[in-house]
Amino acid sequence: DTGVSQNPRHKITKRGQNVTFRCDPISEHNRLYWYRQTLGQGPEFLTYFQNEAQLEKSRLLSDRFSAERPKGSFSTLEIQRTEQGDSAMYLCASSQGGNKETQYFGPGTRLLVL
Amino acid sequence: RKEVEQDPGPFNVPEGATVAFNCTYSNSASQSFFWYRQDCRKEPKLLMSVYSSGNEDGRFTAQLNRASQYISLLIRDSKLSDSATYLCVVNPWITGGGNKLTFGTGTQLKVEL
């Protein structure tokens, strides 16, 4: 399968623990995006990378959140000291760039913080 | 005011019906527009892009009215398999920046026998 992949697909953790998610984009895509989706809402933008450079972060991304894309390929999203409000689906998308690009989404990581 | 507004539904329609969804957006500088489909507990998938001239893909027709900042999706001859949430998506693309898609909350469609 050459689509966007995300791991793990599900994560249950206790409040205060750290979690890390991984996204593998479509191989020739240079842009990678992270979004968060809560129940009954559409996805909300968190951050994006152009190759290995993180170019923008949303106000939603508190200092407990950090994202990396060290070699311009896969990306990780880490949440430190998780809170119950972090429970959501974390979606990764990739694209080839351009002003009318199409973003392709991965299956998401569903996080539940107890 | 939300950046992208949609009626959450649900829209319950019989098989074969025609159904229309509407969406309004607040950022007049928005550059591109899309409809994504999302099945329950799955990721969003691109249904179609929306162009100023309007565009059609089989049973699906999308329209854009920039003056009114309004986007629509028409589904003809609806099928049971069309049951899903339809997300209106706007890209305010800024020169040199990325494409931070802004999603509506989605409109839920249920097609019934």
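So, here is what we can say about the structure in this document.

Conventions and cut-offs
Residues numbered from 1 in each chain as written. Chains lettered and ligands numbered in written order. Predicted model: local features only at pLDDT ≥ 70, side-chain atom pairs only at ≥ 80, totals over all residues. Heavy atoms only, no water. Contact = heavy atoms within 4.5 Å. Buried area = accessible area lost by both parts, 1.4 Å probe. Salt bridge = Lys/Arg side-chain N within 4 Å of Asp/Glu carboxyl O. Polar contact = N/O pair within 3.5 Å; in protein donor to acceptor, adjacent residues only side chain to side chain. Helix = DSSP H or I, 4+ residues; strand = E, 2+ residues; numbered from the N terminus. Disulfide = S-S within 2.5 Å.

Time to look at the interface of chain B and chain A. By a frequent convention, interface size equals the accessible area lost on bringing the separate parts together. Taken together, the contact pairs 22 residues of chain B with 23 residues of chain A. When the two sides are added together, the surface that chain B and chain A hide from each other amounts to roughly 1,800 Å², 50% of it contributed by carbon and sulfur. In terms of surface lost to chain A, no three residues of chain B exceed Arg41, Asn99 and Lys100 of chain B, which account for 27% of the buried area on that side. Inspection of the chain B/chain A interface yields one salt bridge. Here Lys100 of chain B and Glu56 of chain A are joined by a salt bridge, their closest N and O atoms 2.6 Å apart. Our count for the chain B to chain A interface comes out at four residue pairs in polar contact (both at pLDDT 80 or more). Counting residues per element, the ones that place at least two in the side of chain B that touches chain A are strand E4 (32-38), strand E5 (44-50) and strand E9 (84-91) of chain B.

This next bit is on the state of the cysteines. All names here are of chain A. The full count for this structure, using the stated rule, is two disulfides over all chains. What pairs with Cys23 in a disulfide is Cys92, and their sulfur atoms sit 1.8 Å apart. Taking the sign of the torsion about the S-S bond as the criterion, the disulfide between Cys23 and Cys92, at about -65°, is left-handed. With Cys23 in strand E3 (residues 19-24) and Cys92 in strand E9 (residues 88-95), the pair connects residues that are 69 residues apart, well separated along the chain.

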